[in-house]
Amino acid sequence: MKPTSIIFLVLSVILILTGLITCGIASGMAKSQDIEIYEQSTDDNGNTIKQIDIEKYNIKSISLNLKNADITIYGNSNKSYIEIVNFNINSYTYSSSGGSFSFNDGMDIVSFFNFNGEGGGFKGLRYFLNKSSFSSKPHKINIFLSNDCQVSSIYLSIKEGNYREENVNLSIAHEVNVETGSVIFKNCDFDSKTKINCVSGDLTLDKSYVGEIKASISNGNFKNNAINNDMYSYSIKVSSGSVYVDGENRGKAYSVISASQLTLADIEIENGDAIISAD
């Protein structure tokens, strides 16, 4: 190695060590004065949480692109906000401007050098001194929606993880793409268009009316635990598997039109079953 290279290497190490020592001292001083220097908080179970206020940024559309995480949306909340749970803050980018919230699990070189406050980019060496930044706990994104929030569209792409929606009664257009994981709507009641693409995993409607839903399932089952089957219209096609209605095998295709039609389910399954039952 050339002498010049050695000098630059030594200087780099000195600068990094100086930065870490400075951050450590500042962190200790902030803690002693009860000053919060991290964007994330830590709950009683050791989960790190960053919160985004949906109402503050007037968010109307949400777009999430995730590698490995579970997403849950809760309706009937007192306020609307997003929780980013157990993600290292220097490992993702997000934007909350112009009425849109976007989150990307990953950071390229351009995003790394974005230092513009709210949003993605490198957040500083101090996070390398925070043990909770390197948590091995499962990644999660929780979205809480009040009944008067203005969110009207949600786009999700998950490589590995589950998507769950509970007690939502807002008219929100959905597009959900899951490579490996399940999709569940529980106790939901809304009238909007929903598009689901699930490569490996089940799609479940549990006592839910979800407007117009179009789903493609490569390997997995469609399950509807209905409140009242008369409220659903179905167009179901199964390539390898069967359609079961209240335990009765209806073959590989099932079509019925309901006068009420609170849910119109257009389902295509390559390998799996469609299982429909009602209480």
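Bear in mind that the values here come from a model prediction, so they are computed numbers and not experimental data.

A. Seen up close, the overall build of the protein. Helices and strands together make up the secondary structure of the protein, namely two helices and 22 strands. Contacts spanning at least 24 positions in sequence make up 56% of the contacts within the protein whose residues lie at least 6 apart.

B. Fine view of the nonpolar core. Ranked by internal contacts, the top residues of the largest apolar core, which has 58 residues, are Ile62, Leu64, Phe101, Phe103, Phe185, Phe222 and Ile236. The element that contributes the greatest number of residues to this core is strand E17 (residues 232–240), accounting for four residues. When sequence neighbours within four positions are dropped, the list of residues in contact with leucine 64 reads Ile71, Phe101, Phe103, Ile141, Ile143, Tyr155, Leu156 and Ser157.

C. How the structure looks around the sheet that holds strand E8 (residues 140–144). Pairing within the open sheet is mixed, and its 12 strands lie in the order E1-E2-E5-E8-E4-E10-E12-E14-E16-E22-E18-E19. In this open sheet, the two strands that pair with only one neighbour each are strand E1 (41–42) and strand E19 (248–249).

D. Spotlight on the sheet that holds strand E15 (residues 211–219). Ordered in space as E6-E7-E3-E9-E11-E13-E15-E21-E17-E20, the 10 strands form an open sheet in which the pairing is mixed. Unpaired on one side and paired on the other, strand E6 (93–97) and strand E20 (253–256) mark the two borders of the sheet. Mean inter-strand twist for the sheet, computed between neighbouring axes without regard to direction, equals 5°. Bridge count for E6 against strand E7 (residues 100–104) is five bridges, and the pairing is antiparallel. Across the sheet, the residue bridging to serine 95 is serine 102, located in E7.

E. Focus on the confidence of the model for the protein. Considering every residue of the protein, the mean pLDDT works out to 84; 77% of them sit at 70 or more. In this model, residues 108–115 is a region of pLDDT below 50 whose contacts with residues beyond four sequence positions or in other chains number 11 contacts.

F. Region of the structure containing unusual backbone geometry. A positive phi angle, near 55°, is found at asparagine 167, a position not held by glycine. Inspection of the secondary structure assignment puts asparagine 167 in the loop between strand E10 (163–166) and strand E11 (173–180). In the Ramachandran plot, lysine 207 falls in the positive-phi region, its phi being about 55° despite a non-glycine side chain. Secondary-structure assignment places lysine 207 in the loop between strand E14 (203–206) and E15.

G. Region of the structure containing a nonpolar patch on the surface. There is a patch of nonpolar side chains on the surface, built from Ile7, Leu11 and Ile14 and spanning about 280 Å² of accessible area. Mapping isoleucine 7 onto the fold places it in helix H1 (residues 3–32).

H. Quick peek at the side chain of asparagine 229. In this fold, asparagine 229 is placed in the loop between strand E16 (222–226) and E17. Taking relative accessible area as the criterion, asparagine 229 reaches 18% and is therefore assigned buried. A polar atom in the side chain of asparagine 229 sits 2.8 Å from the side chain of tyrosine 234. With near-sequence residues (within four places) excluded, asparagine 229 lies in contact with Asn224, Tyr234, Val245, Asp246, Ile276, Ser277 and Ala278.

I. Main features of the environment of glutamate 268. Residue placement: glutamate 268 occurs in strand E21 (residues 263–271). Judged by relative accessible area, which is 42%, glutamate 268 ranks as partly exposed.

J. Structural detail: the packing of aromatic side chains. Tallying each qualifying case throughout the model produces 12 aromatic pairs. Measuring from ring centre to ring centre gives 5.8 Å for tyrosine 234 and tyrosine 254, while their planes differ by 50°; the resulting arrangement is tilted. Residue tyrosine 234 is located in strand E17, and its partner tyrosine 254 is located in strand E20; the two are separated by 20 residues in the primary sequence. Among the residues examined, tyrosine 254 registers a relative accessible area of 15% and is labelled buried. Following the ring pairs from residue to residue traces out a cluster consisting of Phe87, Tyr92, Tyr94, Phe101 and Phe103.

K. Expanded view of the pairing of E7. A one-sided burial pattern is seen for E7, the buried positions being Phe101 and Phe103 and the unburied ones Ser100, Ser102 and Asn104. With five bridges connecting them, strand E3 (residues 61–68) and E7 associate as parallel partners. Across the sheet, the residue bridging to serine 61 is serine 100, located in E7. Count of turn residues in the E6/E7 antiparallel hairpin: two residues, of which glycine 98 carries a positive phi of about 65°.

L. Examining the side chain of threonine 204 more closely. Here threonine 204 shows up in strand E14. When residues no more than four places from it in sequence are discounted, the contact partners of threonine 204 are Val183, Ile184, Phe185 and Lys223.

Conventions adopted
Residues numbered from 1 in each chain as written. Predicted model: local features only at pLDDT ≥ 70, side-chain atom pairs only at ≥ 80, totals over all residues. Heavy atoms only, no water. Helix = DSSP H or I, 4+ residues; strand = E, 2+ residues; numbered from the N terminus. Contact = heavy atoms within 4.5 Å. Core = buried A, V, L, I, M, F, W, Y, C linked by side-chain atoms within 4.5 Å. Buried < 20%, exposed > 50% of the residue type's maximum accessible area, 1.4 Å probe, protein only. Pairing = 2+ DSSP bridges. Axes fitted to C-alpha atoms, helices over the stretch in contact; angles between N-to-C directions. pLDDT = per-residue confidence, 0-100. Patch = residues over 30% accessible without salt bridge, like charges linked within 9 Å, V, L, I, M, F, W, Y side chains within 5 Å. Areas by Shrake-Rupley, 256 points an atom, 1.4 Å probe, with all protein chains shown as cover. Salt bridge = Lys/Arg side-chain N within 4 Å of Asp/Glu carboxyl O. Polar contact = N/O pair within 3.5 Å; in protein donor to acceptor, adjacent residues only side chain to side chain. Phe/Tyr/Trp six-rings, centres within 6.5 Å; stacked < 30°, edge-to-face > 60°.

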